[in-house]
Amino acid sequence: MIDQLSLGVLTNWVSRDAVEVAIGEHGKQPKRRGGTLPAHVVMYFVVALALFAGLDYEGVLRKLVGPLRLWRSWDPSWTLPTSGGITQARQRLGFEPVKTLFERIAVPVASRLTLDAFCARRRLVSLDGMVFDLPDTEENTTEFGKPSGGVFPQARVVTLTECGSHVSLGAHIGPVVGKGTGERSAAATLITLLDPSMMLI
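For clarity, every value in this text was computed on a predicted model and none was experimentally measured.

Trainee: Can you lay out the overall build of the protein chain for me, pointing to particular residues and giving the numbers?
Mentor: Counting secondary structure elements, the protein chain contains eight helices and five strands. Here the C-alpha coordinates of the protein chain stretch approximately 55 × 45 × 30 Å along the principal axes. Taking all 201 residues of the protein chain together, the buried fraction comes to 35%. Contacts in the protein chain between residues at least 24 apart in sequence constitute 64% of all its contacts with a sequence separation of at least 6. Within the structure as shown, the protein chain displays about 12,300 Å² of accessible surface, and the carbon and sulfur contribution to it stands at 56%. For the protein chain, the separation between the mean place of its 21 positive charges and that of its 19 negative charges on side chains is 5 Å.

So this is what it looks like as structure tokens:
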């Protein structure tokens, strides 16, 4: 039941039109017909990874197949790929369409009835920072760096979040080493997302 609710939220907030527009803006449309994992399926898969964080790639995709069929986004002739095939599909898609999609659909959702969502008629929002270990590859080390004494490269993530719903309204992902890579510098990139209707706490 929880899975169905999660997938229902996915279909409600991430429309096929929004997915296709984000893909098209970055030239990631499939070059040929009949591919096992077209770009729009990979986009839904990437979003679903956050909903089913405890599952492996193939487990997440299996949960998506039924809903994708209902949305007419899964061709009956397609077969489930291996984890390696899914990884290759993600690499072909790249991060740019996913970033664009997030920036389009990441909007406040709390209503006046949402608990702890407003104060003095202003929407409560907050900044939160975290650090994630990344696979120990040369590319990740070059892009994000390793903290002093660290074993793995790490990415610093700072989010602007709506307090009442815990929905992320914006995110900055960057390196953990070097000048200007601290939480305050990352948070400064999100300040432009604030508007007069919000109260930052």
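Trainee: Now, about the side chain of Thr161: what can you tell me, with residues and values included?
Mentor: With respect to the helices and strands, the residue Thr161 is situated in strand E3 (residues 154-162). Accessibility expressed as a relative area gives 12% for Thr161, which makes it buried. A polar side-chain atom of Thr161 sits 3.3 Å from a polar atom in the side chain of Thr159. Residues contacting Thr161, with those up to four places away along its chain left out, are Leu124, Val125, Ser126, His166, Val167, Ser168 and Leu169.

Trainee: Run through the pattern of salt bridges, naming residues and quoting values.
Mentor: Enumeration according to the criterion identifies five salt bridges in this entry. Note that Lys99 is salt-bridged to Glu103, the shortest N-O span being 2.7 Å. Of this pair, Lys99 and Glu103 are both found in helix H6 (residues 96-105), four residues apart, which corresponds to roughly one turn of the helix. According to the relative accessible area criterion, Glu103 is exposed, its value standing at 51%. For the salt bridge of Lys146 with Asp136, the shortest nitrogen-to-oxygen distance reads 3.2 Å. Here Lys146 is found in the loop between helix H7 (138-144) and E3, whereas its partner Asp136 is found in the loop between strand E2 (122-133) and H7, with 10 residues between them in sequence. When its relative accessible area of 30% is taken as the criterion, Lys146 is described as partly exposed.

Trainee: Please give an account of the state of the cysteines that cites residues and values.
Mentor: Counted according to the given criterion, the structure contains zero disulfides. Left unpaired, Cys119 is separated from the closest cysteine sulfur, that of Cys163, by 10 Å.

Trainee: Tell me what's going on with unusual backbone geometry, and back it up with residues and numbers.
Mentor: With a phi close to 50 degrees, Ala120 is a non-glycine residue in the positive phi region. Take Ala120: it is sitting in the loop between strand E1 (118-119) and E2. Even without being a glycine, Arg121 presents a positive backbone phi close to 65 degrees. Inspection of the secondary structure assignment puts Arg121 in the loop between E1 and E2.

Cut-off values and rules
Residues numbered from 1 in each chain as written. Predicted model: local features only at pLDDT ≥ 70, side-chain atom pairs only at ≥ 80, totals over all residues. Heavy atoms only, no water. Helix = DSSP H or I, 4+ residues; strand = E, 2+ residues; numbered from the N terminus. Buried < 20%, exposed > 50% of the residue type's maximum accessible area, 1.4 Å probe, protein only. Contact = heavy atoms within 4.5 Å. Areas by Shrake-Rupley, 256 points an atom, 1.4 Å probe, with all protein chains shown as cover. Lys, Arg positive; Asp, Glu negative; His and termini not counted. Charge placed at Lys NZ, Arg CZ, Asp CG, Glu CD. Polar contact = N/O pair within 3.5 Å; in protein donor to acceptor, adjacent residues only side chain to side chain. Salt bridge = Lys/Arg side-chain N within 4 Å of Asp/Glu carboxyl O. Disulfide = S-S within 2.5 Å.

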